Amino acid sequence: MKIVMVGHNNVGKTTYMASLYCVMQQSINDFCLKAVDSEDRQALLKLADDIQKGKYPLPTDQRSEYKFNLRYQGKDVFPFTWADYRGGAIIQKQDSEQAQLLLEDLKKTDGIMMFCDADALARGNIRSNQLGRMTTLISQA
């Protein structure tokens, strides 16, 4: 299974992923989450620790892909891949490498997570979130 996370700059995509990963280290109804790559595991836990201290990650500068296993009672039961795109990828020209990767991932994905700035949305500032652009990309895929 493949999940793609999209959203504009600084809406919390990487923060969400790292925080969720940290929470899922503790067994919840016998389920937990494990990163396949030990470097990813360490990086996500470090990010989560920093977030808990009020230090948020810098904006993602390129596409990152993480492989996870959902575990039940200590056994891998559901492998999946989670792609984290930098916010600017949704507004780049379609012939850029990041935009092409995003479109290809969207075509192959099983799940899409769209992130937006809720405060800007509440103020009616739809443009700052690039919701129209995200919707267009998803429709094209």
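Below or above, wherever it landed, is the structure these notes cover. (Residues numbered from 1 in each chain as written. Predicted model: local features only at pLDDT ≥ 70, side-chain atom pairs only at ≥ 80, totals over all residues. Heavy atoms only, no water.)

### Thoughts on helix α2 (residues 38-52)
- Its 15 residues place the ends of α2 21 Å apart at the C-alpha level, agreeing with the 21 Å of an ideal helix rising 1.5 Å per residue.
- Every buried residue belonging to α2 is among D40, L44, A48, D50 and I51, and all of these are buried. Buried residues of α2 fall within an arc of 160 degrees about the axis and therefore sit on the same side. Facing away from the buried side of α2 by more than 90 degrees, the exposed set consists of E39, Q42 and Q52.
- If you follow the buried residues of α2, they end up packed against α1 (13-23), β2 (31-35) and β3 (64-72).
- Trailing α2 by a residue or two, G54 shows a phi angle of about 85 degrees, which is positive. (Helix = DSSP H or I, 4+ residues; strand = E, 2+ residues; numbered from the N terminus. Expected span 1.5 Å × (residues − 1). Buried < 20%, exposed > 50% of the residue type's maximum accessible area, 1.4 Å probe, protein only. Arc of directions from axis to C-beta. Contact = heavy atoms within 4.5 Å.)

### Let's talk about the nonpolar core
- Residues M17, Y21, L33, L44, F68, F80 and W82 are the most contacted members of the largest nonpolar core, which totals 17 residues.
- Broken down by secondary-structure element, the contributors of at least two residues to this core are β1 (2-7), α1, β2, α2, β3 and β4 (75-84).
- Discounting chain neighbours no more than four positions away, the residues touching Y21 are L33, K34, A35, R41, L44, L45 and F68.
- In terms of nonpolar packing, the next biggest core, distinct from the first, is built from eleven residues, I90, L102, L106 and M134 among them. (Core = buried A, V, L, I, M, F, W, Y, C linked by side-chain atoms within 4.5 Å.)

### Things to note about the sheet that holds β2
- Taken together, the five strands give an open sheet; going across it, the order is β2-β3-β4-β1-β5, and neighbouring strands pair in mixed fashion. The open sheet has two edge strands with one neighbour each: β2 and β5 (111-115). Strand-to-strand, the axes of this sheet are offset by a mean angle of 25 degrees, without reference to chain direction.
- Alignment of β2 against β3, held across five bridges, turns out to be antiparallel. (Pairing = 2+ DSSP bridges. Axes fitted to C-alpha atoms, helices over the stretch in contact; angles between N-to-C directions.)

### Notes on the pattern of salt bridges
- This structure, assessed with the given rule, holds ten salt bridges.
- Across the pair K2 and D105 runs a salt bridge whose closest N-O atoms are separated by 3.2 Å. Highlighted residues: K2 in strand β1 and D105 in helix α3 (residues 97-108), separated in sequence by 103 residues. Exposure class is identical for K2 and D105. Each is buried.
- The shortest N-O distance in the salt bridge between R63 and D105 comes to 2.8 Å. Of this pair, R63 sits in the loop between α2 and β3 while D105 sits in helix α3, placing them 42 residues apart in sequence.
- In this structure R63 comes out as partly exposed when scored by relative accessible area, which is 21%.
- Judged by relative accessible area, which is 7%, D105 ranks as buried. (Salt bridge = Lys/Arg side-chain N within 4 Å of Asp/Glu carboxyl O.)

### With respect to the packing of α3 against helix α5 (residues 131-140)
- Contact pair α3 / α5: the axes reach a minimum separation of 8 Å and the direction vectors enclose 60 degrees. Between α3 and α5, the crossing angle belongs to the class labelled oblique. Handedness of the α3/α5 crossing: right-handed. Here L102, L103 and L106 of α3 come into contact with α5, specifically with L137, I138 and Q140.
- For the contact of α3 with α5, the residue count by class is five nonpolar, one polar and no charged. (Parallel < 35°, antiparallel > 145°, perpendicular 65-115°, else oblique. Left-handed = near helix turned anticlockwise from the far one by under 90°. Nonpolar A, V, L, I, M, F, W, Y, C, P; charged D, E, K, R; others polar.)

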